[in-house]
Amino acid sequence: MCGIVGAIAERNVVEILLEGLRRLEYRGYDSAGVALLNNDGAYNRVRRTGKVQELASAINDQNGVGNVGIAHTRWATHGGVTENNAHPHVSKDRISVVHNGIIENYQDLRTELKAQGYSIDTDTDTETIAHTVHSLLPSTGSLLAAVQGSVKKFHGAYGTVVMDREDPSRLIVARSGSPLVIGLGIGENFIASDQMALLPVTRRFIYLEEGDVAEITRRSVTIYNAAGEQVERDVVESTVSHDAGDKGGYRHYMLKEIYEQPTVVRNALQGRLADNGVVAGIFGEGAEALLANVQHVQIIACGTSYHAGMTARYWLEQYANVSCNVEIASEFRYRKSVVHPNSLLVTISQSGETADTLAALRLAKELGYMSSLTVCNVESSSLVRESDMAFMTRAGAEIGVASTKAFTTQLTAFLMLTLALGEHNGMTGEDKQTIIDGLHTLPSKIEETLSLAKSIEDLAEEFSDKHHSLFLGRGEQYPIAMEGALKLKEISYIHAEAYASGELKHGPLALIDDEMPVIVVAPNNELLEKLKSNVEEVRARGGIMYVFADSNAQFSSDETMRVVAVPHCNDAIAPIVYTLPLQLLSYFVALIKGTDVDQPRNLAKSVTVE
Ligand code: M6R
């Protein structure tokens, strides 16, 4: 949420900053800005509402150059989307600041700063960072000490980069609650909120830890921990592909990511699944012994990752005989909960930086869970670093705001966790074989299912003028219906709700008419006949249905029902397979509606603020 890039070099850093912003734009895209400083002291700040391209044109018009610079792409939290609220924010024409996160006590700080004679010119919390640093410069005597003094006054979350117009030889960065990475160059150094921004210029990174403040010059990086002690942090060589951020010939990242699913699911399984179960040690050193004692699983996540958790609950209880609760992180973190004996806490997150999930993990650590596992896609993320165990989903960079391949790889991971836990909890041989066989066929089933794209595209035409829709599923397909509804509302702006179809007659049936498309996921499982009864309830009330059904489920198209036959697959992997038509449906509806598929309005990838 929001993106930060900074650079200090001998060369002109404008293009490095702009390319970094382009690579981070999916994280926030309502406005963008840069502050540039030359070795000769020339300073230029340019900000624009809208996409990074608007900013790039403005800088180009002004022939902007700088040897040092900080840049930001914004997802508004405090203050509307205006040029004045765009970062960088400045104090007394001297201190420039970019910031991710929220300074929660900004109102108190404003009062204090006003009393000291600072005028507050924006609606943002970030402006208070700039003034606070400026106010401490005289008493502390250095920019580093002023930032160290300032962060003691902040409550909330920040990843921030501070530049002093009077000193082009250094940038100061600070991290608490919002990630920052330092990219190491030769005679030049860089900063970003995500390594992805810096892959064109370096592969060597230092990840700052909570509470760190660092001074970055062209030739040095000096890091201090929260106690003010100088510390060394590991230098990590990144293996992420430089092209990870390219669309690879597809019209949208989302479409590219949908079509990557056979490959990334194959990667997720690679070296982890044998013919007789999961390979020993895949959850990390010492995990075997720990998993053997797990009696309960508590899953915490948000959004799409929460839907993966809801699906996992069906599997863990049905196949592995392990009880499981699933909760939205923002709820879990603010209520008193009871910890079951021998309970494993599992967080799920694509980014590993979702603020609520991270806060829930930190809270859970105090509550007495036996251990924590994260199922995550970003190796360098806070969730991975702060969890006892991490299971990487290997989905590769996901840029589209609507999560697709992250979800199916999370589900793949949970089928493996189900096998691992089932091993110690009396899983039947038959269930075990169903999961193993299902996982072995999964990549090819996904490929087969993606070949339905053309018929789903045709179907999507009928949705583009609709304002509401209902998604139905039963059992482990209920969370898949929820995920389908989330995808549709997120990128097509059509109101979509999901129901467990047994709930229909308890209220939602009142909504049914021919203006409310009803989307049904119908694999050929033990609940099929029940689902068929629910379909008849909708038909009897004049509803129009779009049914994604197993090829053997004996649904046929007529004037009230459009049926798309989904390749037959075994029960264990059906939730993954049925996700695909729903992803394609939302994509094509959004395409027809002409929305911004990869960067839907009001949203951002990676929600790093509360
Ligand atoms: O990075 P995370 O998986 O923790 O993100 C959680 C949600 O913000 C995310 O899944 C969101 O719901 C997606 N935009 C849905 O497509």
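Reference entry: report on the structure contained in this document. Bear in mind the structure is a predicted one, so any value in this text is a computation, not a measurement.

Calculation criteria
- Residues numbered from 1 in each chain as written.
- Predicted model: local features only at pLDDT ≥ 70, side-chain atom pairs only at ≥ 80, totals over all residues.
- Heavy atoms only, no water.
- Buried < 20%, exposed > 50% of the residue type's maximum accessible area, 1.4 Å probe, protein only.
- Helix = DSSP H or I, 4+ residues; strand = E, 2+ residues; numbered from the N terminus.
- Pairing = 2+ DSSP bridges.
- Right-handed = clockwise from strand over helix to strand, strands pointing away.
- Salt bridge = Lys/Arg side-chain N within 4 Å of Asp/Glu carboxyl O.
- Near = heavy atom within 4 Å.
- Polar contact = N/O pair within 3.5 Å; in protein donor to acceptor, adjacent residues only side chain to side chain.
- Areas by Shrake-Rupley, 256 points an atom, 1.4 Å probe, with all protein chains shown as cover.
- Nonpolar A, V, L, I, M, F, W, Y, C, P; charged D, E, K, R; others polar.
- Lys, Arg positive; Asp, Glu negative; His and termini not counted.

**Overview of the pairing of strand S26 (residues 545–550)**
Here is step 1 of the chain: For S26, the buried fraction is high: six of the six residues fall into the buried class.
Here is step 2 of the chain: Sheet topology places strand S25 (residues 518–522) next to S26; five bridges connect them, and they run parallel. Bridging across to S26, valine 518 finds its partner in methionine 545.
Here is step 3 of the chain: Where the polypeptide runs from S25 across helix H17 (residues 528–539) and back to S26, its parallel neighbour, the crossover connection is right-handed.
Here is step 4 of the chain: Where S26 lies against strand S27 (residues 561–566), six bridges are found, and the strand directions are parallel. By the bridge assignment for S27, valine 547 is matched with valine 563.

**What to know about the pattern of salt bridges**
Here is step 1 of the chain: Taken as a whole and assessed by the stated rule, the structure comprises 34 salt bridges.
Here is step 2 of the chain: With a closest N to O distance of 2.8 Å, arginine 233 and aspartate 212 form a salt bridge. In this pair, arginine 233 is assigned in the loop between strand S14 (230–231) and strand S15 (236–237) and aspartate 212 in the loop between strand S11 (204–207) and strand S12 (213–216), connecting sequence segments 21 residues apart.
Here is step 3 of the chain: Among the residues examined, aspartate 212 registers a relative accessible area of 0% and is labelled buried.
Here is step 4 of the chain: Close ionic contact of glutamate 537 with lysine 505 constitutes a salt bridge, the shortest N to O distance being 3.2 Å. On the criterion of sequence distance, the pair formed by glutamate 537 in helix H17 and lysine 505 in the loop between strand S24 (495–500) and S25 is long-range, its members being 32 residues apart.
Here is step 5 of the chain: Among the charged side chains, a salt-bridge network with shared partners connects Glu15, Glu19, Arg22 and Arg23.

**Re the site of the ligand**
Here is step 1 of the chain: In the vicinity of the ligand, 15 residues are found, and the nearest of them are Ser305, Ser349, Gln350, Thr354 and Glu490.
Here is step 2 of the chain: The separation between an oxygen atom of the ligand and a polar side-chain atom of lysine 487 is 3.0 Å.
Here is step 3 of the chain: In this structure, glutamate 490 approaches the ligand through a side-chain N or O atom, which is 2.5 Å from a nitrogen atom.
Here is step 4 of the chain: Look at the ligand: alone it shows 410 Å² of surface, and the protein chains cover 88% of it.
Here is step 5 of the chain: Broken down by secondary-structure element, the contributors of at least two residues to the shell around the ligand are helix H9 (303–318) and helix H16 (478–492).
Here is step 6 of the chain: Within the shell around the ligand, the residues separate by chemical class into five nonpolar, eight polar and two charged.

**Observations concerning the side chain of glutamate 353**
Here is step 1 of the chain: Inspection of the secondary structure assignment puts glutamate 353 in the loop between strand S20 (343–349) and helix H11 (355–367).
Here is step 2 of the chain: The side chain of glutamate 353 is buried and forms no salt bridge, while arginine 175, the nearest opposite charge, is found at 4.7 Å.
Here is step 3 of the chain: For glutamate 353, the side chain forms a polar contact with the side chain of serine 382, separated by 2.7 Å.

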